[in-house]
Amino acid sequence: MQCGFTMLRPVYLALLLAASAMPAHTAEIAPAERRSGYEMMSRETRAMQDDDAANPAMLWVLDGEVLWNKKMGAAGLACADCHGDARASMKGVAARYPAFDAARARPVDLEQRINTCRTEKQEAPPLAFESRDLLALTAYIGRQSRGMPIRIEADARMSPFIEAGREMYNRRQGQLNLACAQCHDDNWGKRLAGNVIPQAHPTGYPLYRLEWQNLGSLQRRLRNCLVGIRAEPYDYGANEFVDLELFLMWRARGMTIETPAVRP
Amino acid sequence: MTRAIVSLPATARRGDIIEIKAIAAHAMETGFRHTQLGVPIPRDIITGFACTYNGEEIFRAVFYPAIAANPYLTFSTVATESGTIACSWSGDNGYSVTESAAITVA
């Protein structure tokens, strides 16, 4: 017995080494097979998202409308003073974020763009990530793109950042040594404990998650996944997060914006 | 910000059963939780809800800590006359919000 076990050991080792050296499987989901997490929800949760009178996220959208018209900061400017009626000026905007910001020479997400306006135009302190006001403004702006297709410009300036996001998506990390792709490309539709694994298309952010009992941003969701694979999450607003957001939006290009969505 | 949404059909025929939907923004902090340092987080919930139809009460509810955040209620009534349906929520720490919607009954 002892002898047999010792003989087997190098084989085990070789297998283990081979497994850990293997790159994560990177079979991308074909465009025709892409599905929003909406389609994997229960009928009741879909009904909650579809009815503005039942969708709790509409509470934030209404708050966002008030904030849009409220004068703020040392400059005493409201968003509406520059951008006018959000229903017209913000139509389709959320569908093309993260977008390239020339001043930072890199893409910024919608939350960062709102805070740029606050600090530079309104001369007000930036809003904290996941604060009620920032979620409300993002939800209100996002709402104006509901039903529109996601359009991410994959030009020469943006493609290095999309590639950085793709690299992160396919990289094994954390104590569980898992890549995003292993769940969301290779095993979508199956169950992880009681929950269906979605394809990870960020079509409805910020969204109301029943588990959170709150509205949350895409970065909050990404933190959840990173903690789940026991990796150290990045700080809110980190470049790595924005690159990953950008890759996910590019991956979902052409899919319909549902903001503000509801998820279980 | 206290925020609530009441929705119901804008018009109905006399005798129709209409559905009223009411949702209020509230964290519904149970009072059973503690901070990471062990300090209890005090209870802060909605305790009462009432709905009136032209001043007459048609629905009442009492809320307890086990009710989820941003509670959503639906109930029905019979459309009798044109007027206002008003919903009011009250709760801990002086929480109070009233939201109403008009209905035209033909």
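Quick look at the structure, then. (Residues numbered from 1 in each chain as written. Chains lettered and ligands numbered in written order. Predicted model: local features only at pLDDT ≥ 70, side-chain atom pairs only at ≥ 80, totals over all residues. Heavy atoms only, no water.)

## Section: the overall build of chain B
Piece 1. Regarding its fold elements, chain B presents zero helices and eight strands.
Piece 2. When the helices and strands of chain B are read in sequence order from the N terminus, they spell out β-β-β-β-β-β-β-β.
Piece 3. Against the globule reference of 13 Å for 106 residues, chain B gives a C-alpha radius of gyration of 16 Å, more extended than a compact globule.
Piece 4. With respect to the principal axes defined by its C-alpha atoms, chain B has extents near 60 × 20 × 20 Å.
Piece 5. Considering only residue pairs separated by 6 or more positions, chain B has 60% of its internal contacts joining residues 24 or more positions apart.
Piece 6. Roughly 5,800 Å² of accessible area belongs to chain B as shown, and the carbon and sulfur atoms make up 53% of that amount.
Piece 7. Side-chain charges of chain B comprise 7 positive and 9 negative groups, with the mean position of each set lying 4 Å from the other. (Helix = DSSP H or I, 4+ residues; strand = E, 2+ residues; numbered from the N terminus. Rg over C-alpha atoms; globule rule 2.2 N^0.38 Å. Contact = heavy atoms within 4.5 Å. Areas by Shrake-Rupley, 256 points an atom, 1.4 Å probe, with all protein chains shown as cover. Lys, Arg positive; Asp, Glu negative; His and termini not counted. Charge placed at Lys NZ, Arg CZ, Asp CG, Glu CD.)

## A few points about the overall build of chain A
Piece 1. For chain A, the helix and strand inventory stands at eleven helices and seven strands.
Piece 2. Seen through its principal axes, chain A has C-alpha atoms that stretch 80 × 45 × 30 Å.
Piece 3. The 264 residues of chain A split such that 46% are buried.
Piece 4. Accessible surface computed for chain A: about 13,200 Å², of which carbon and sulfur atoms make up 57%. (Buried < 20%, exposed > 50% of the residue type's maximum accessible area, 1.4 Å probe, protein only.)

## Quick look at the side chain of A:Q182
Residue and element names in this part refer to chain A.
Piece 1. Mapped onto the elements of the fold, Q182 is located in helix α9 (residues 180-184).
Piece 2. By relative accessible area, Q182 is classed as buried at 15%.
Piece 3. At 2.8 Å, the side chain of Q182 forms a polar contact with the backbone nitrogen of A179. (Polar contact = N/O pair within 3.5 Å; in protein donor to acceptor, adjacent residues only side chain to side chain.)

## Some words on the sheet that holds strand β7 (residues 83-91) of chain B
Adjacent strands of a sheet pair through backbone hydrogen bonds, lying either parallel or antiparallel.
All names here are of chain B.
Piece 1. Strands sit in the order β2-β8-β7-β4-β5 across an open sheet of five strands; the sheet is mixed. Here the strands that pair on one side only, and so sit at the sheet edges, are β2 (11-12) and β5 (56-62).
Piece 2. Pairing of β7 with strand β8 (residues 96-105), which is carried by eight bridges, proceeds in the antiparallel orientation. Its bridge partner lying in β8, W89 is registered against V97. (Pairing = 2+ DSSP bridges.)

## Quick notes on the sheet that holds strand β1 (residues 4-7) of chain B
Piece 1. A sheet is described by the order of its strands in space; here three strands give the open sequence β1-β3-β6 (chain B), paired in antiparallel fashion. The open sheet has two free edges, formed respectively by β1 and β6 (72-78) of chain B, since each of these has just one partner strand. Adjacent strand axes in the sheet meet at a mean angle of 15°, parallel and antiparallel pairs treated alike.
Piece 2. Looking at chain direction, strand β3 (residues 17-24) of chain B and β6(B) are connected through seven bridges and run antiparallel. Directly across from B:I23, in β6(B), lies its bridge partner B:Y72.
Piece 3. Sitting on the sheet, helix α3 (residues 58-68) of chain A is in contact with β1 and β3 of chain B, with an inclination near 115° to β1(B). (Axes fitted to C-alpha atoms, helices over the stretch in contact; angles between N-to-C directions.)

## Points about the packing of helix α8 (residues 159-170) of chain A against helix α11 (residues 239-251) of chain A
Residues and elements named next belong to chain A.
Piece 1. With their axes 7 Å apart at the nearest point, α8 and α11 run at an angle of 95° to one another. Judged on the interaxial angle alone, α11 and α8 are roughly perpendicular. For the pair α8 and α11, the contacting residues are F161, I162, A164, G165, R166, M168 and Y169 in the first and E240, D243, L244, L246, F247, L248, W250 and R251 in the second. (Parallel < 35°, antiparallel > 145°, perpendicular 65-115°, else oblique.)

## Focus: the interface of chain B and chain A
Piece 1. At the junction of the two partners, chain B supplies 13 residues and chain A supplies 14 residues.
Piece 2. Carbon and sulfur atoms make up 62% of the area that chain B and chain A hide from each other, which totals about 1,200 Å².
Piece 3. A:D51 serves as the salt-bridge partner of B:K21, at 2.3 Å between the closest nitrogen and oxygen.
Piece 4. Where chain B meets chain A, there are five residue pairs in polar contact (both at pLDDT 80 or more).
Piece 5. Secondary-structure elements contributing two or more residues to the side of chain B that touches chain A are β1 and β3 of chain B. (Buried area = accessible area lost by both parts, 1.4 Å probe. Salt bridge = Lys/Arg side-chain N within 4 Å of Asp/Glu carboxyl O.)

Fair warning: the whole summary comes from geometry, so function is off the table for now.
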